[in-house]
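Fold and contact review
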Amino acid sequence: ASTPVVFYSGWPFLAGMARELRQRRMGMDTLVSLSVLLAYFASVFQTLRGGEHVWYDAAVMFVFLLLCARMLEQRVRRLAVAQVDALARARPALAVRESDGQAQQVPIAQLQAGDVIRVAPGETLPADAVLLDAEGAFDEALLNGESTALHRVAGDAVYAGSLCHERPVRLRVTGTGSHTRLAELARLAEQAQTRPLRLARLGDRIAAVIACAIATYAWWRVHDPSRAFEVALAVLVVSCPCALSLAIPAALAVAQGALSRIGVLPMHGDAIDTLARAD
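An account of the accompanying structure is given in this report. (Residues numbered from 1 in each chain as written. Predicted model: local features only at pLDDT ≥ 70, side-chain atom pairs only at ≥ 80, totals over all residues. Heavy atoms only, no water.)

Quick notes on the nonpolar core
Val6, Val32, Val36, Trp55 and Ala59 are the most contacted members of the largest nonpolar core, which totals 18 residues. Every element with two or more residues in this core is listed here: helix 2 (11–22), helix 3 (28–49) and helix 4 (56–89). At 7 residues, helix 3 tops the list of elements feeding residues into this core. Ranked by size, the runner-up nonpolar core spans 16 residues in total, among them Ala95, Leu111, Ala129 and Leu131. (Core = buried A, V, L, I, M, F, W, Y, C linked by side-chain atoms within 4.5 Å. Buried < 20%, exposed > 50% of the residue type's maximum accessible area, 1.4 Å probe, protein only. Helix = DSSP H or I, 4+ residues; strand = E, 2+ residues; numbered from the N terminus.)

Focus: unusual backbone geometry
Positive phi, close to 70°, is recorded for Glu166, a residue that is not glycine. In this fold, Glu166 is placed in the loop between strand 8 (163–165) and strand 9 (169–175).

A few points about the packing of helix 1 (residues 2–9) against helix 3
The geometry of helix 1 relative to helix 3 is characterised by a closest axis approach of 11 Å and an angle of 155° between their N-to-C directions. Here helix 1 lies roughly antiparallel to helix 3, going by the angle between them. Relative to helix 3, the crossing made by helix 1 is left-handed. Taking contact as the criterion, the partners of Ser2, Thr3, Val6 and Phe7 in helix 1 are, on helix 3, Val36, Leu37, Tyr40 and Phe41. A per-class count over the contact of helix 1 with helix 3 returns 6 nonpolar, 2 polar and no charged. (Axes fitted to C-alpha atoms, helices over the stretch in contact; angles between N-to-C directions. Parallel < 35°, antiparallel > 145°, perpendicular 65-115°, else oblique. Left-handed = near helix turned anticlockwise from the far one by under 90°. Contact = heavy atoms within 4.5 Å. Nonpolar A, V, L, I, M, F, W, Y, C, P; charged D, E, K, R; others polar.)

Some details on the sheet that holds strand 4 (residues 128–131)
Taken together, the 6 strands give an open sheet; going across it, the order is 2-1-3-9-4-7, and neighbouring strands pair in antiparallel fashion. Every other strand in the sheet has two partners, leaving strand 2 (102–107) and strand 7 (157–158) as the edge strands with one partner each. Taken together, the 4 bridges between strand 4 and strand 9 define a ladder with antiparallel strand orientation. Residue pairing in the sheet places Ala129 in a bridge with Val173 of strand 9. (Pairing = 2+ DSSP bridges.)

Overview of the environment of Thr3
As for its position among the elements, Thr3 is in helix 1. Here the alpha-carbon distance between Thr3 and Val44, two residues 41 residues apart in the chain, equals 10.0 Å. Contacts of Thr3, omitting those with residues within four sequence positions, involve Tyr8 and Tyr40.

Some thoughts on the environment of Leu132
Among the secondary structure elements, Leu132 is positioned in the loop between strand 4 and strand 5 (135–139). On a C-alpha basis, the gap between Leu132 and Gly155 in space is 6.3 Å, while along the polypeptide they are 23 residues apart. Those residues in contact with Leu132, other than ones at most four positions away along the chain, are Val116, Ala154, Arg170, Leu171 and Arg172.

Some points on the pattern of salt bridges
In this structure the tally under the stated criterion is 6 salt bridges. Between Asp115 and Arg97 there is a salt bridge whose closest N-O contact spans 3.5 Å. With a gap of 18 residues between them, Asp115 in the loop between strand 2 and strand 3 (116–119) and Arg97 in strand 1 (residues 94–99) connect regions that are remote in the sequence. Overall, Asp115 belongs to the buried group, its relative accessible area being 17%. In this structure Arg97 comes out as buried when scored by relative accessible area, which is 16%. In this structure, Glu140 and Arg152 form a salt bridge, with 3.2 Å as the shortest nitrogen-oxygen distance. Of this pair, Glu140 sits in the loop between strand 5 and helix 5 (141–144) while Arg152 sits in strand 6 (residues 150–153), and the two are 12 residues apart along the sequence. What makes Arg152 partly exposed here is its relative accessible area of 21%. Residues joined by salt bridges that share partners form a network here, namely Glu98, Arg118 and Arg170. (Salt bridge = Lys/Arg side-chain N within 4 Å of Asp/Glu carboxyl O.)

Digging into the packing of aromatic side chains
Considering all chains together, one arrives at 5 aromatic pairs under this definition. Between Phe7 and Tyr40 the ring centres are 5.2 Å apart and the planes differ by 85°, which places this aromatic pair in the edge-to-face class. Taken together, the residues Phe7 in helix 1 and Tyr40 in helix 3 connect sequence positions 33 residues apart. Seen from their ring centres, Trp219 and Trp220 are 5.6 Å apart, and the 75° between their planes marks the pair as edge-to-face. Relative accessible area serves as the criterion here: at 48%, Trp219 is assigned to the partly exposed category. Among the aromatic side chains, those forming a connected cluster through ring pairs are Phe7, Tyr40, Phe41 and Tyr56. A cation sits over an aromatic face here: Arg181 above Tyr159, 3.8 Å from the ring centre. (Phe/Tyr/Trp six-rings, centres within 6.5 Å; stacked < 30°, edge-to-face > 60°. Lys NZ or Arg CZ within 6 Å of the ring centre and 35° of its normal.)

In short, the description is geometric, and any link to function would need to be established separately.
Below you can see the structure in the form of C-alpha cells.
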C-alpha cells in the first residue's frame, strides 16, 4: 500500500530531487526524497528477509505531511494570483477621448500617448496622464494605500487605476497598457510569486543533515555495524523538516489572507518576514 504513495503521490519530491542533483545542489526535496526512499527500500529489504523492523509508516507520513505543505503553498499562490487579477481589473474597458473638439468613447487599447481624455467623477483612470484642468482629486488607494483622496493641480501626474473624485477632469495621456504604473505593480506581484522566500530557503540549509547522517553511519559502522543503517536512517527521519515545511506555508497563507482583507498587497514574499520586525 505504501508503494503508490511513495512513487505516485511522492513523485513531485522525487522529481525535485532529480532537478536539484542535476543542478549540483542539495535542498529540501533531496533531503525529503532521500529519507522516504531509504525508509521504503529498507522496509522492503526487511520484509523480504523477514526482519523485525520496517519503516513504511515513516515513508508514508513524510509524503502526506509534505503534500499538505504543498497544498498550503498553492493556497498562498492563489491569493497572490487573485491580487494580480484585481489589479488587472482595476482599469476600465473604455475611455472618453477628445478628437477634433468632440468626445468619443473608445477602447483603452486605442489610447496613445498625447491623447486628451475626459474622466467623470467616480470613474477609474484608464491610463497614466497629466492633469490639464486647474485642479482635481484622485483616490490612489490601489496604488499607494493612501485612503484619502489626493488633490492635484495642472501639470501633476496621475496614474491608471486611480479613482476620480469631486469633479470631471481632462487629462493628457502619458502612458498606456504595459507602460503604466498599475501594470508595473501587476508585474511586481507576479514576480513575487516566483521568488524563493527567505523563510522557505531556511529549509535548504537543513540539507546539512545528510552529511550528519553519513557521519553517523560511518561512526556506527566502525563501532556496531549491525545498527549503522538503522541509526543513520533514524537521524534522517527525526531531522526531516516536516514541521518547517508545514509551518512556513501555513503562516504565509494566513498572513496573505489577512493582508488581502485590509487591502495590503505584498510586492515581495520576504516583506511579510520584514513586517514582523517593524516597530
